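Tertiary structure, described
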Amino acid sequence: MRNFDDLTEREMLALAISNEEEDSRIYADFAEGLVADYPASAQVFTEMAAEENGHRRQLIDLFVSKFGQHIPLIRRQDIHGYIPQRPIWQLRPLNLESVRACAHDMEKAAARFYRQAITRASDASIRKLLGDLAAVEDRHDNRVAVLERELLTPTALHTEEEHERRRFILQIIQPGLVGLMDGSVSTLAPVFAAAFATHNTWNTFVVGLAASVGAGISMGFAEALADDGKLSGRGAPLLRGLVCGLMTMAGGIGHTLPFLIPDFYWATLIAVCVVVIELLAISWIQWRYMDTPPLSAAAKVMVGGALVFAAGVLIGVS
């Protein structure tokens, strides 16, 4: 790898051309990845890609006038200390916040590069262009804001925000809620059956832990394998499976942890209180994100939880 301070003016201009071309292609990839769900925001990145192409042409014209037709291939990854841009596939599925944050980092990195390059250039015309481009990159955050004001009308912005909310619900809230419900309700029977059958808190804890982990693994795989998200629009199956599995384990472990208390009656009382809190949390999530009436959500969850709890107790004392 080369050190930046060892680059000649010719090589620095070649690197600048390569950087602008890569940034332009990344913005075009952002636009292509967002156009289906966020057409207005995609247009912003299309405009930014065009601007980077304009910078590339300016740099090429200057390079040709100074050094001739052949431009050596020098890329960011060839320079010691430079961090290559993340490829688009590592950012998928794309969302507006991550894409905007990436674009912000790209513009700041470009401005730093031009300021560093100025210190290595002695030719007046090269220094002038590098300084102009550094100033442009510094202003790009404001340019993005201007483009968004021009292209993101209130209607388009509302549509994109609603789509982002829907995707968040489908990818995070829904699998998490399914997991929490399964973990909180389905593990009640084995935990309290073990508690009332043995009156041994440690054995009950072991049963609850095993049931929670097993249910988490099972639900995680079921969620990930049931739907690849391509037709339903529910997003990455691995993310949904991870969320569902973790929330399933959390729901079961919540009312299992009190059985670490040696006293059986205190442990059972606290576990019952935790169950009530878990069921109320499920009801709140259904009301907050699923538009389920609060009383209806609470009644359904409480009835289901009470039936499973009663089944566990009856099995344990029989």
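Residues numbered from 1 in each chain as written. Predicted model: local features only at pLDDT ≥ 70, side-chain atom pairs only at ≥ 80, totals over all residues. Heavy atoms only, no water.

Structural notes on the packing of helix α1 (residues 9–34) against helix α2 (residues 39–67)
The description of two packed helices rests on the angle between their axes and on the distance between the axes. The interhelical angle for the contact between α1 and α2, taken along N-to-C directions, is 165°, at an axis separation of 8 Å. In terms of orientation, α1 lies roughly antiparallel with respect to α2. The crossing of α1 and α2 is left-handed. Here the contact of α1 with α2 is built from residues that sort into 19 nonpolar, four polar and seven charged. (Axes fitted to C-alpha atoms, helices over the stretch in contact; angles between N-to-C directions. Helix = DSSP H or I, 4+ residues; strand = E, 2+ residues; numbered from the N terminus. Parallel < 35°, antiparallel > 145°, perpendicular 65-115°, else oblique. Left-handed = near helix turned anticlockwise from the far one by under 90°. Nonpolar A, V, L, I, M, F, W, Y, C, P; charged D, E, K, R; others polar.)

What about the nonpolar core?
Counting 23 residues, the largest nonpolar core has F4, L59, Y114 and L130 as the members making the most contacts within it. Of all the secondary structure elements, the ones that give two or more residues to this core are α1, α2, α3 (96–120) and α4 (124–151). Every residue in contact with L130, bar those within four places of it in the chain, is listed here: Y114, A117, I118 and A121. (Core = buried A, V, L, I, M, F, W, Y, C linked by side-chain atoms within 4.5 Å. Buried < 20%, exposed > 50% of the residue type's maximum accessible area, 1.4 Å probe, protein only. Contact = heavy atoms within 4.5 Å.)

Description of unusual backbone geometry
Keep in mind that most residues, glycine aside, have a negative phi and that most peptide bonds are trans. For H199, which is not a glycine, the phi torsion comes out positive at approximately 55°. For H199, the location among the structural elements is in the loop between α6 (188–198) and α7 (201–226). Residue classification places H199 among the partly exposed residues on the basis of a relative accessible area of 44%.

Quick notes on a nonpolar patch on the surface
A cluster of nonpolar side chains, namely L209, V213, I217, F221 and L225, defines an oily patch on the protein surface of about 490 Å² accessible area. Topologically, I217 is positioned in helix α7. Looking at I217, the relative accessible area reads 46%, which means it is partly exposed. (Patch = residues over 30% accessible without salt bridge, like charges linked within 9 Å, V, L, I, M, F, W, Y side chains within 5 Å. Areas by Shrake-Rupley, 256 points an atom, 1.4 Å probe, with all protein chains shown as cover. Salt bridge = Lys/Arg side-chain N within 4 Å of Asp/Glu carboxyl O.)

Observations concerning the packing of aromatic side chains
Summed over all chains, the structure comprises nine aromatic pairs. Each member of the aromatic cluster is reached from another via a ring pair, and the members are Y27, F30 and F45. (Phe/Tyr/Trp six-rings, centres within 6.5 Å; stacked < 30°, edge-to-face > 60°.)

A word on the side chain of R76
Looking at the secondary structure, you find R76 in the loop between α2 and α3. Side chain to side chain, R76 and D23 meet in a polar contact 2.8 Å long. (Polar contact = N/O pair within 3.5 Å; in protein donor to acceptor, adjacent residues only side chain to side chain.)

A short note on the pattern of salt bridges
Tallied over the full model, the rule gives four salt bridges. Here E22 makes a salt bridge to R76, at a shortest N to O gap of 3.3 Å. Residue E22 is found in helix α1, and its partner R76 is found in the loop between α2 and α3; the two are separated by 54 residues along the sequence. With a shortest N-O distance of 3.1 Å, D123 and K66 are connected by a salt bridge. Of this pair, D123 sits in the loop between α3 and α4 while K66 sits in helix α2, and the two are 57 residues apart along the sequence. The exposure class of K66 is partly exposed, given its relative accessible area of 37%.

Examining the packing of α7 against helix α8 (residues 237–254)
At a closest axis distance of 7 Å, the pairing of α7 and α8 adopts a crossing angle of 160°. One finds that α7 runs roughly antiparallel with respect to α8. Regarding α7 and α8, the two cross each other, and that crossing is right-handed. For the pair α7 and α8, the contacting residues are L209, S212, V213, A215, G216, M219, G220, E223 and A224 in the first and P237, R240, G241, C244, G245, T248, M249, G252 and I253 in the second.

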